[in-house]
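Survey of secondary and tertiary structure
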Amino acid sequence: MFTVPSLSDLNLAATLPATLLALGASVLLVLDLFVPKGRKALTAWLALAVLGVSLIVALLSLGDVVDLGTGEGAFFGLYIADSFTDAVSVIVLVTAMLGVAVAYNYLERTGMQRGEYYVLLLFSALGAMLMGAAGDLVTVFVALELLSIPLYILSGFRWRDEGSEESALKYFILGAFASGFLVYGIALIYGATGTTAFGGIWAATRDLLAADAATKYVLLLGAGMVLAGLGFKVAAVPFHMWTPDVYQGAPTSVVAYMSVAAKVGGFAALVRVLAWGLPDFVLSGQSAAAWQSTVWLIAALTMILGNVVAVAQNNLKRLLAYSSIAHAGYILIAVAAMGTAGVANEAARAVVIYLMAYAFTNVGAFAVIVAVERDDGGHTDIDNVRGLAKEQPVLAASMAVFMLSLAGVPLTAGFVGKWFVFKAGLAADLVPVTVIGVLTSAISAYYYLRVIWFMYFEEGEGKAQIAWPLAWGISVAAIGTLILGFFPYLLSDMARGIALAFGG
Amino acid sequence: MIPLWMYLVVAAGLFVIGMFGVLSRRNAIAILMGIELMLNAVNVNLVAFWRYQTPTKLSGQAFAAFVFAVAAAEAAVGLALIIGIYRRKRSVIADDVNLLKW
């Protein structure tokens, strides 16, 4: 019944960025045992090196235009190596490198310096990469857990602190609850279509609809539960409750990384499931995919709630948590747009462009909070950045760049991301939700500009501690945000090759 | 032979019981048990679907094995977090660890 596959059937070469990262992380886990306690800088450097090598390999194949139909499958279609995979890998790896740079000094001065931090970060980055590379629901599930479980541990990394411990437990319980929904949904999709591979699901959906079988409601329920499970990961509105608490309680360096990595992973999987597995899942009497209306409703709620509640926040970490909820809403516009036939590729590109812009901006913004934060984890209120511009002009200027980019002001990366997302929304005729997006970004300008106002025009003793890896991370993020804003074609070039050819 | 829908009803029942456990229990260990119950409901579903829909392809069974492994990893991390909190607070009641509000 079985034939044992040969190594060449697995097509390992196509999975090189992920395989290298997996190997590197595993080796680092062992190597770290031999690194003496005071010299964990070595572990951090090795982690950076592993990420760097993987990034170079991913960049080398970024320019290739490979669509899913001809894209190289590996591990019998469990892993797909196409442009989307490469783009997601690049975003995740850049985020992880910035995450290491931001973390090193912070861990040192707060007494949390342990090698496991970097290893866990590498493993969760691998999980996020694999979610972009998933060609099968099994991969989505395992990658989601590989992304999440290290993040649960990292949130509790300041284990002497009650807030951190509690945020870890809360994140864990709600996360495991959500993955229960996800995997139940996957089981239902498997039951309705008889396969877990996206190509097979796509093909089976057509037969199912042609036969007009009642099974299509099983598929509908399954798709809904998968949407709920992934919606939790990206902090979309009915499933967002964990976000502010976890972001506030977890160590700030972890939040800097996780706020982006979890979102990238979640959206990558959503794009794969919805645009590849279920694009033709159109119930009778409708013109767009069955999930489209649900997704845009979630998008609208997410943008409204995130932006309105963020206005009332005084803690910077909580403010950015609600802002990250709002940004999930903007990206969901593009996800909803994928439901209209013919717009899917453009919308998938918009998702990737937005995530790239968001990665630089959000890691940077949290990195500035890392600099402002005291060793005991306090001092993260908006009052604590009063007068920062006088004490730390460069830091304040970078923070201003990040805030403007999050608000979507032209000539920053955030504007480019919003531009493409809204364009995709309009192309798919989702006018109401796009208008809500534009209006809520106007609201968001208030609370982002408030931070800038506090830094520049209020008196206070804004203090910050910056060591060189952190300064390096913040500068890269700020320069990246500006470069992507000034030269938007860098982003659109990166995403150009993404074509989710349906079927496969 | 027992029809497929009976398995599905059992699985759905298990899932809902697990969900109820997560939402209603105050003991963190009991919440964890609820989560395990939800994942096991999925396994019943997967294996039943495999047996009735695609008995010649192993993907359903293989998926169930993945779910086991992940459930074990999740339980290990969850119990470690709960033990950490127990050491400090001498309590595993979820309400007692509520510094941060919803």
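Quick caveat: nothing in here was measured; it's all calculated off a predicted structure.

Moving on: the overall build of chain A. Across its full length, chain A holds 19 helices and 2 strands. Here chain A has a C-alpha radius of gyration of 22 Å; the compact-globule value for 504 residues is 23 Å, and the two agree. Once the C-alpha set of chain A is aligned to its principal axes, its extents read approximately 70 × 55 × 40 Å. Sorting the 504 residues of chain A into buried and exposed places 65% on the buried side.

As a further point, take the confidence of the model for chain B. Residues at a pLDDT of 70 or more form 92% of chain B, whose mean pLDDT is 88. What the predictor reports for the complex is a pTM of 0.94 with an ipTM of 0.94.

Attention now goes to the packing of helix α2 (residues 41-60) of chain A against helix α3 (residues 83-109) of chain A. Residues and elements named next belong to chain A. Between α2 and α3, the least distance of the axes is 9 Å, while the angle of their chain directions is 160 degrees. It follows that α2 is roughly antiparallel to α3 by the angle criterion. α3 is crossed by α2, and the crossing has left-handed handedness. Taking contact as the criterion, the partners of A41, A44, L48, L51, G52, S54, L55, A58 and L59 in α2 are, on α3, D86, S89, V90, L93, V94, A96, M97, V100 and Y104.

Counting along an α-helix, one turn takes 3.6 residues, and residues three or four places apart therefore face a common direction. Residue and element names in this part refer to chain A. For helix α9 (residues 242-249), the buried fraction is high: 7 of the 8 residues fall into the buried class. Of the positions making up α9, those classed as buried are W242, T243, P244, D245, V246, Y247 and G249. Tucked into the core, α9 has its buried residues touching α5 (137-155), α6 (162-193), α8 (215-234), α10 (252-277), α12 (316-337) and α13 (344-372).

This paragraph deals with the packing of helix α11 (residues 292-311) of chain A against helix α17 (residues 431-457) of chain A. All names here are of chain A. Interhelical geometry of α11 versus α17 gives an angle of 20 degrees and a closest axis separation of 9 Å. Judged by the inter-axis angle, α11 sits roughly parallel to α17. For the pair α11 and α17, the crossing hand works out as left-handed. Where α11 abuts α17, its residues W296, A299, A300, M303, I304, N307, V308, A310 and V311 lie against V433, I436, G437, T440, S441, I443, S444, Y446, Y447 and R450. Taken together, the residues of the contact of α11 with α17 break down into 13 nonpolar, 5 polar and 1 charged.

Membership of the largest hydrophobic core comes to 229 residues, with the highest contact counts inside it found for F267, L274 and M338 of chain A. Not counting residues up to four positions away in its chain, the partners in contact with F267 of chain A are V234, A328, I331, L332, V335, V351 and L355 of chain A.

With that out of the way, let us pick up a nonpolar patch on the surface. Residues and elements named next belong to chain A. Taken together, the side chains of V27, L29, V30, L31, L33, F34, L42 and L46 present a nonpolar region at the surface, about 770 Å² in accessible area. Of all elements in the fold, only α1 (16-31) and α2 reach the threshold of two or more residues within the nonpolar patch. Locating F34 in the fold gives a position in the loop between α1 and α2. Residue F34 is classed as exposed on the basis of its relative accessible area, which comes to 67%.

Chain B puts 44 residues into the contact, and the matching count from chain A is 44 residues. Across the chain B/chain A interface, buried area totals approximately 3,800 Å², and carbon plus sulfur atoms make up 76% of it. Where chain B meets chain A, there are 2 salt bridges. Among the salt bridges present, the one from E165 of chain A reaches R88 of chain B, with a minimum N-O distance of 3.1 Å. Counting every contact that joins chain B to chain A gives 9 residue pairs in polar contact (both at pLDDT 80 or more). Elements supplying a minimum of two residues to the side of chain B that touches chain A: α1 (4-24), α2 (28-53) and α3 (59-89) of chain B. With 16 residues, α3 of chain B is the single largest residue contributor to the side of chain B that touches chain A.

The rules behind these values
- Residues numbered from 1 in each chain as written.
- Chains lettered and ligands numbered in written order.
- Predicted model: local features only at pLDDT ≥ 70, side-chain atom pairs only at ≥ 80, totals over all residues.
- Heavy atoms only, no water.
- Helix = DSSP H or I, 4+ residues; strand = E, 2+ residues; numbered from the N terminus.
- Rg over C-alpha atoms; globule rule 2.2 N^0.38 Å.
- Buried < 20%, exposed > 50% of the residue type's maximum accessible area, 1.4 Å probe, protein only.
- pLDDT = per-residue confidence, 0-100.
- Axes fitted to C-alpha atoms, helices over the stretch in contact; angles between N-to-C directions.
- Parallel < 35°, antiparallel > 145°, perpendicular 65-115°, else oblique.
- Left-handed = near helix turned anticlockwise from the far one by under 90°.
- Contact = heavy atoms within 4.5 Å.
- Nonpolar A, V, L, I, M, F, W, Y, C, P; charged D, E, K, R; others polar.
- Core = buried A, V, L, I, M, F, W, Y, C linked by side-chain atoms within 4.5 Å.
- Patch = residues over 30% accessible without salt bridge, like charges linked within 9 Å, V, L, I, M, F, W, Y side chains within 5 Å.
- Areas by Shrake-Rupley, 256 points an atom, 1.4 Å probe, with all protein chains shown as cover.
- Salt bridge = Lys/Arg side-chain N within 4 Å of Asp/Glu carboxyl O.
- Buried area = accessible area lost by both parts, 1.4 Å probe.
- Polar contact = N/O pair within 3.5 Å; in protein donor to acceptor, adjacent residues only side chain to side chain.

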